[in-house]
Structures are given as C-alpha cells and as structure tokens.
Amino acid sequence: MAEVFITRRIFPEAKEKLEKAGVGYEINDTGKILGKSELLKRVREKQGLIPLLNDQVDSEVMDASPDLQVIANLAVGYDNVDVAAATERGIMVTNTPGVLTETTADLTFGLLLAAARRITEADSYVRQGDWNGWELMQPQTGIDVHGKTLGIVGMGRIGTAVARRGHLGFDMNVVYHSRTRKTGIEDELDSEYLELDELLERSDFVSLHVPLTSETKGMIGEREFEIMKDDAVLINVARGPVVDESALVEALKSGEIRGAGLDVFEAEPEVHPELKELDENVVLTPHIGSASRETRLKIAEMGVENAIAALAGEEPPNLVNPEVLSGP
C-alpha cells in the first residue's frame, strides 16, 4: 500500500478520500510546524508528501525518501518546493490553483476597508470602554474608499477578482501592472495598464498579487515607498518577501504612506517587532487569505486528489512539472 505523510492537520473529508483510494497516511496533528530533522524522519519510506506552504521541501527532504513519487502542495503557490530538484528525481509536484481566488479577494478587500476606515482600532476602542459617544472629530476617522484609485500589481486570478470588487462595487478607478497586458480586463473594468512606478505614483490603494520569484522578492522597498502617495495604503496578500518589511516600517513611521493591510510577512510566522507596535491605519492578519471552511476544505481535497492520482500512476490534475512524465 502506498503511504503519504501529511505535514499538518487536515479535514476528515480529505482523510476519507485517501482511505477510499486505499492510500495509507501519517499526519503531524500537533498543530505545529515540523523542524527540518523531524520532517526528514517522518517522510522516510513514504511515496507521497502533502505539505503546506510553510514547509520547505528541498532536495534533502526528497532524498530522505527514495520512493517519493509526488509532492502535493496544499497551496496555489509552490515557492516552498524545489521543483527543479523534484523534476530531476522524477517526483511530480502539484498545487491547488483557482479554488481560493474569490475567498482571497474577499479578504484583500476586507484588509483594504479595515485599514482605510480604521476598523480594528475602532473595535479595540469600544471593547476597552474608551467610547464616550458620537462626535464629529472621532479618533478613528479614516479615508474614503469609493471613487479612489486602486492599483493592482499582478493582474492574475486574484488580482482580477479584487479589481472587480473595487470597480464594480466601490466605483474605483483601476490601474494595474502585470507581466502581460490584459486587454479583456481593461475593457471589462475600464482599467489602465501602467508601469510600476507610475502605478505607485497614482494609486490611493496598492494591492499586491504577484508570486514570489527572484524578480518579485523585495520589489516594494524604500524606493517604492518614496514614490507612493503619502496618503496611500499598501495591501499584501501575496507573499511576505515581496515587501521589504523594515522599509515598510520606516515608511509608516515617517508618514511616507498612510497605512497597510498585511496577511503575509517576510519571515512568517515572525513579524517585524516594530510593525506589531503600529496600530494606527495598520491591520495584520495571520495568513488567512483562503481561510474560509469551504475553501480550505476544497484545497485539502484537491491536494489529496492530486496525490491519489499520482500514486495510481496517473497524471495529477494540477501537475506543475509535466516534464517529469517524459522521463530522462
């Protein structure tokens, strides 16, 4: 019987799929991220590995189990997996695309609204008993969202879904920067393609939706914050290292930008200590972009289905390295 190791807790429905397919499994159900040595030990003699995006799956992990056939990553991104090393070893790598688009776009807009209207600050103000009644100049006075300019960096599935919410729901003017022009989206949302610097200059809200690559790592740093409006709000639900966190802290403290809504961080789960001290116009969430039960269950089921197909000798539905099928 083929057996997989699942690096974190998983929904019962996904376990049932493995059982019905006759695939054995072992799970790290501690709720904690495994250290490298423990991961190496647990993956031994397994044919499949089902990791999360905070599990670094490198050549050492792959070599710990010579029988490894598939790495079924439970995320749309797979920068935590050394795909080249997997391909070299004939190991299939899969992801879970598409399923989390709308859910992550919802959270993106939630962060945008919370940072602009200072919702988390207002919530704490009420809970702490500091509210003494309505006044014209309330401490949590924020900025409008409707009618403003929304800059999308990375007009993929999620970026497009956020742009639709902004334009159709809040009458926002959408500008975007992406690797390729999206003329269909330009027509649909009356949006405009811009180079990154011009987007930063013109946008009231800048929302990041790019994958983590050598080109995007640190793409928003000291120089970019200097270009942005001093009343601008940065939203990041992409990957933490896309933003230079130290530069962000300085930009917020100095007033180079107004605020930020962050769901991802440069060295997760660690967060820059000074960033945690900034609560005015700053909202921080623990990487919950896709965290609705419906979506997380779909992610788990999709990952498991990818693993089952690979272990049955079939091409998985979401194979990211199809060249592995052609052999050496």
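No experiment lies behind these values; they were computed from the predicted model shown. (Residues numbered from 1 in each chain as written. Predicted model: local features only at pLDDT ≥ 70, side-chain atom pairs only at ≥ 80, totals over all residues. Heavy atoms only, no water.)

Draft legend 1. Structural view of the layout of surface pockets. There is about 280 Å³ of room inside the second largest pocket. Lining of the second largest pocket is provided by 15 residues; of these, Leu53, Asn54, Gln56, Asp79 and Glu268 occupy positions nearest its centre. (1 Å grid on protein atoms, 1.4 Å probe; cavity = no way out; pocket = protein on both sides within 12 Å on 5 of 7 lines; lining within 4 Å. Points joined across faces, edges and corners; volume = space filled by probe spheres on them.)

Draft legend 2. Focus on the sheet that holds strand 6 (residues 149-153). The parallel open sheet is built from seven strands, whose spatial order is 8-7-6-9-10-11-12. Only two strands of the sheet have a single neighbouring strand rather than two, namely strand 8 (192-193) and strand 12 (282-284). Inspection of the sheet shows strand 6 paired to strand 7 (residues 173-177) by five bridges, in the parallel sense. Its bridge partner being in strand 7, Ile152 is matched across the sheet by Tyr176. (Pairing = 2+ DSSP bridges. Helix = DSSP H or I, 4+ residues; strand = E, 2+ residues; numbered from the N terminus.)

Draft legend 3. Main features of the packing of helix 5 (residues 101-117) against helix 7 (residues 157-170). Their axes nearest at 8 Å, the elements helix 5 and helix 7 cross at an angle of 55°. As judged from the angle between their axes, helix 5 and helix 7 are oblique. Crossing of helix 5 against helix 7: the hand is right-handed. On helix 7, the residues that touch Thr101, Glu102, Thr104, Ala105, Asp106, Thr108, Phe109 and Leu113 of helix 5 are Arg157, Ile158, Ala161, Val162, Arg165, Gly166 and Phe170. When grouped by side-chain class, the residues that make up the contact of helix 5 with helix 7 number seven nonpolar, four polar and four charged. (Axes fitted to C-alpha atoms, helices over the stretch in contact; angles between N-to-C directions. Parallel < 35°, antiparallel > 145°, perpendicular 65-115°, else oblique. Left-handed = near helix turned anticlockwise from the far one by under 90°. Contact = heavy atoms within 4.5 Å. Nonpolar A, V, L, I, M, F, W, Y, C, P; charged D, E, K, R; others polar.)

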